[in-house]
Amino acid sequence: MDKKLEKKSFRRRMANAELLKEVGEGKPEGGKGRPAALYIPAPGSEEHLFTRAFND
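This is a predicted model, so every value here is computed, not measured.

Looking at the layout of surface pockets
Link 1 in the chain: Of the volumes computed, that of the second largest pocket is approximately 270 Å³.
Link 2 in the chain: Taken together, Phe10, Arg11, Met14, Ala15, Glu18, Leu19, Leu20, Ala37 and Tyr39 form the lining of the second largest pocket.
Link 3 in the chain: Sorting the residues of the lining of the second largest pocket by element identifies α1 (7–17) and β2 (36–41) as the ones contributing at least two each.
Link 4 in the chain: Tallying contributions element by element places α1 first for the lining of the second largest pocket, with 4 residues.

Digging into the confidence of the model for the protein
Link 1 in the chain: Looking at the protein, pLDDT values average 82 and 89% of them are 70 or higher.
Link 2 in the chain: The element-level mean pLDDT for the protein is lowest in α1, coming to 86, with strand β1 (residues 20–26) highest at 92.

Re the environment of His48
Link 1 in the chain: As for its placement among the helices and strands, His48 is situated in the segment after β2.
Link 2 in the chain: Its relative accessible area of 32% is what places His48 among the partly exposed residues.
Link 3 in the chain: Along the chain, His48 and Ala17 lie 31 residues apart, while their C-alpha atoms are 8.3 Å from each other.
Link 4 in the chain: Once residues within four sequence positions are removed from consideration, His48 is found in contact with Ala17 and Leu19.

Rules used in this analysis
- Residue numbers here run from 1 along each chain, matching the order of that chain's written sequence.
- Side-chain atom pairs in this predicted model are given and counted only at pLDDT of 80 or more, local residue features only at pLDDT of at least 70, and totals for whole chains, interfaces and linings cover all residues.
- Heavy atoms throughout the structure, all of them, feed into the side-chain values; hydrogens and water do not.
- A 1.4 Å probe that fits but cannot get out identifies a cavity on a 1 Å grid over protein atoms alone, an open set with protein on both sides within 12 Å along at least five of seven lines counts as a pocket, and a residue lines either if it has an atom within 4 Å of a point.
- Grid points are joined across faces, edges and corners, and a volume is the space filled by probe spheres set on the points.
- By the criteria applied, helices consist of DSSP H or I runs no shorter than four residues and strands consist of E runs no shorter than two, each listed in order from the N terminus.
- Values of pLDDT, ranging from 0 to 100, describe the predictor's confidence in every residue of the model.
- The buried label goes to any residue with under 20% of its type's maximum accessible area, the exposed label to any with over 50%, and the partly exposed label to all in between, with areas taken from a 1.4 Å probe on protein chains only.
- In this description, contact between two residues means that some pair of their heavy atoms is separated by no more than 4.5 Å.

Quick look at the structure:
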């Protein structure tokens, strides 16, 4: 897309679209810090289209 995305907005759009299913936690790099959430595609997510395009 050659566009910079805001991380917070991207995460909110993905969560609201229910495209991912949380499947557990992964170990953080170096063994320190909060574990990362792990996801897989949710059933039916392969055909999802966002109704709003990213603006210029």
